[in-house]
Amino acid sequence: MLCLLKRFLLAVGAVLAAVAAIGICFTNIIMFIKKKTDEEIIKRETDDGHDVFESFDRMEKTAFVIPSAYGYDIKGYYVAPHDTSKTMIICHGVTVNILNSLKYMDLFLDLGWNVVIYDHRRHGQSGGKTTSYGFYEKDDLNEVVKWVKDKIGKRGLVGIHGESMGAVTALLYAGAHPDDGADFLYCRLPVCKL
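What counts and how
- Residues numbered from 1 in each chain as written.
- Predicted model: local features only at pLDDT ≥ 70, side-chain atom pairs only at ≥ 80, totals over all residues.
- Heavy atoms only, no water.
- Helix = DSSP H or I, 4+ residues; strand = E, 2+ residues; numbered from the N terminus.
- Rg over C-alpha atoms; globule rule 2.2 N^0.38 Å.
- Contact = heavy atoms within 4.5 Å.
- Areas by Shrake-Rupley, 256 points an atom, 1.4 Å probe, with all protein chains shown as cover.
- Pairing = 2+ DSSP bridges.
- Axes fitted to C-alpha atoms, helices over the stretch in contact; angles between N-to-C directions.
- Buried < 20%, exposed > 50% of the residue type's maximum accessible area, 1.4 Å probe, protein only.
- Parallel < 35°, antiparallel > 145°, perpendicular 65-115°, else oblique.
- Nonpolar A, V, L, I, M, F, W, Y, C, P; charged D, E, K, R; others polar.
- Salt bridge = Lys/Arg side-chain N within 4 Å of Asp/Glu carboxyl O.

## Regarding the overall build of the chain
- Regarding its fold elements, the chain presents 6 helices and 6 strands.
- Counted from the first residue to the last, the chain has its helices and strands arranged as α-α-α-β-β-β-α-β-α-β-α-β.
- At 21 Å, the chain has a C-alpha radius of gyration far larger than the 16 Å of a compact globule built from 194 residues.
- Dimensions along the principal axes, computed over C-alpha positions, put the chain at roughly 85 × 40 × 30 Å.
- Pairs at least 24 apart in sequence give 72% of the contacts found in the chain among residues at least 6 apart.
- Total accessible area on the chain is roughly 11300 Å²; 61% of this is exposed by carbon and sulfur atoms.

Structure follows, in structure tokens:
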């Protein structure tokens, strides 16, 4: 009887160890998802008809660095060609960076808005070791919103445009920081193509 109990416990232990190993492997794949290179992003966006990269290079913009509460830097650009306090913050999706946000930036610039584009944690030029799919990114977005509000004043109008993970980040931000400054959100979730 004791031998049978030992075998059972060993079998249960082996199953639990296998489940834990699979869980750790899956978690690492998700948290350290392979990011696209700048060249891959530029090619995809250009192939989709969004050839805005040369105009962005020539555009007058201000680079900024905002410290994250989690010990790394959030990096991005403030593009302010208009004499207005209306500012749109654009949040990109997972595996890409600010290069993916440029197509949206032009839309808002054409409407008379100033724009902030920045890299989420572990993407582009920003720091951070893992991708949390909005969990930590929402607090970084809060820091960006506070930075914008300090720059444009309390009467300024601040919107957030999010695509994919950026949309999730914006929604989580709105739930966690409902009174901290953004006036509205526009979220764009990707549609799966069959």
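## Quick notes on the sheet that holds strand S5 (residues 157-163)
- Taken in spatial order, the 6 strands line up as S1-S2-S4-S3-S5-S6 in an open sheet, and their pairing is mixed. Edge positions in the sheet fall to strand S1 (62-67) and strand S6 (184-188), since each of these pairs with one other strand and no more. Averaged over all neighbouring strand pairs, the angle between strand axes comes to 25°, with direction disregarded.
- Sheet topology note: the strand S3 (residues 86-91)/S5 ladder contains 6 bridges and is parallel. The partner of lysine 86 across the bridge, within S5, is leucine 157.

## Concerning the side chain of histidine 161
- With respect to the helices, strands and loops of the structure, histidine 161 is situated in strand S5.
- Accessibility expressed as a relative area gives 2% for histidine 161, which makes it buried.
- If we skip the residues at most four places from it in the chain, histidine 161 touches Met88, Ile89, Ile90, Cys91, Tyr104, Phe108 and Tyr186.

## As for the packing of helix H2 (residues 38-47) against helix H4 (residues 98-110)
- Two elements in contact, H2 and H4, have axes separated by 9 Å at closest approach and are oriented at 30°. Judged by the angle between their axes, H2 and H4 are roughly parallel. Across from Asp38, Ile41, Ile42, Arg44 and Glu45 in H2, the residues of H4 making contact are Leu99, Asn100 and Lys103.
- Per-class residue counts for the contact of H2 with H4 are 3 nonpolar, 1 polar and 4 charged.

## What to know about the pattern of salt bridges
- Tallied over the full model, the rule gives 5 salt bridges.
- Note that glutamate 45 is salt-bridged to arginine 44, the shortest N-O span being 3.1 Å.
- Between glutamate 45 and lysine 103 there is a salt bridge, and its shortest N-O distance comes to 2.9 Å. Taken together, the residues span a long stretch of sequence, with glutamate 45 in helix H2 and lysine 103 in helix H4 at a distance of 58 residues.
- Relative accessible area serves as the criterion here: at 2%, glutamate 45 is assigned to the buried category.
- On the basis of relative accessible area, lysine 103 is assigned to the buried category, the value being 14%.

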